[in-house]
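# Residue-level structural notes
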Amino acid sequence: MSFPTRLQTVLTEGRAVIRSGIKIVCTTGTYGFWNGKGDITVNGQLYWPNTLIEVSEPVYGLGTAASTFTMSLVAKRDSGLTPDKLLLIENEGYKDAPVNVYDFYFDPDDRSFLWAEPGAYGFIDTIDHTRESGDKKLTANVRSGAIANHRDGYRTASFEDQQLVSAGDQFFQYASKVQHETFDITFD
């Protein structure tokens, strides 16, 4: 994949304007936000300006554990984003909604859009309603989409699963099975 020539030039000069964008694909609609001014359309998706959404730095590392990151949105009455509007998130189909984070590159001279570089991606797991310094806040917990890696407590493949993928494949025929038991113990 090659970058546009103009982007390569402004990057070499150290003058590229970089903004962040995020795309969320809920069952009720696809939403795009970016931390700039005015609406922009990138690859057919409309991105609305929003400087209130914060995305934590995704955890990158080696190994097989799935990583997570968070997105948060604080209610700001002066912007019209009241606590009641934050509750509307519960009307959206956000469970397992794909999330893509982008770096948007712009020309420093005429502010024209040059390139969208994909970054972290994942799926919304849960959304917590909390308070921060007296303000209501939404925090979306996003699990990484990196190769659908292992999550503790998640189910593992079995011989029966392999038959659904490839009938007759004996790879998991002698795989050991561990029974999981949970004990609910309380102390008086």
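All of these numbers come straight from a predicted model, not from anything done at the bench. (Residues numbered from 1 in each chain as written. Predicted model: local features only at pLDDT ≥ 70, side-chain atom pairs only at ≥ 80, totals over all residues. Heavy atoms only, no water.)

Turning our eyes to something else, we now look at the packing of aromatic side chains. According to the stated counting rule, one finds seven aromatic pairs in the structure shown. Each ring, one from Y31 and one from W48, has its centre 6.3 Å from the other, and the planes form 40°; the classification is tilted. On the criterion of sequence distance, the pair formed by Y31 in strand β2 (residues 29–34) and W48 in strand β4 (residues 45–49) is long-range, its members being 17 residues apart. Under the relative-accessibility criterion, W48 is labelled partly exposed at 34%. Note on F33 and W48: the rings are 5.8 Å apart at their centroids and 55° apart in plane angle, and the pair reads as tilted. Taken as a pair, F33 in strand β2 and W48 in strand β4 lie far apart in primary sequence, 15 residues in all. Of the aromatic side chains, those joined through ring pairs into one cluster are W34, Y47, Y102, F104, F106 and F113. (Phe/Tyr/Trp six-rings, centres within 6.5 Å; stacked < 30°, edge-to-face > 60°. Helix = DSSP H or I, 4+ residues; strand = E, 2+ residues; numbered from the N terminus. Buried < 20%, exposed > 50% of the residue type's maximum accessible area, 1.4 Å probe, protein only.)

On to the nonpolar core. For soluble globular proteins, nonpolar side chains are generally found buried alongside one another. Of all hydrophobic cores here, the largest spans 21 residues; its most connected members are I22, I24, M71, V99, I124 and I127. Of all elements in the fold, only β1 (17–26), β6 (68–74), β7 (98–106), β8 (113–132) and β9 (135–144) reach the threshold of two or more residues within this core. Apart from residues lying up to four places away in sequence, I24 is in contact with G29, T30, Y31, F33, M71, A97, P98, V99 and I124. Core analysis: the next-biggest nonpolar cluster, separate from the first, contains nine residues, V17, V42, Y47 and Y102 among them. (Core = buried A, V, L, I, M, F, W, Y, C linked by side-chain atoms within 4.5 Å. Contact = heavy atoms within 4.5 Å.)

Here the focus is the pairing of β7. In this structure, β1 lies alongside β7, joined through eight bridges in antiparallel fashion. Looking across to β7, one finds that I18 is bridged to Y105. Sheet topology note: the β7/β8 ladder contains eight bridges and is antiparallel. Among the inter-strand pairings, Y105 is bridged to a residue of β8, identified as W115. Remark: six residues form the turn of the hairpin made by β7 and β8, two consecutive strands paired antiparallel; R111 in that turn has positive phi of roughly 60°. (Pairing = 2+ DSSP bridges.)

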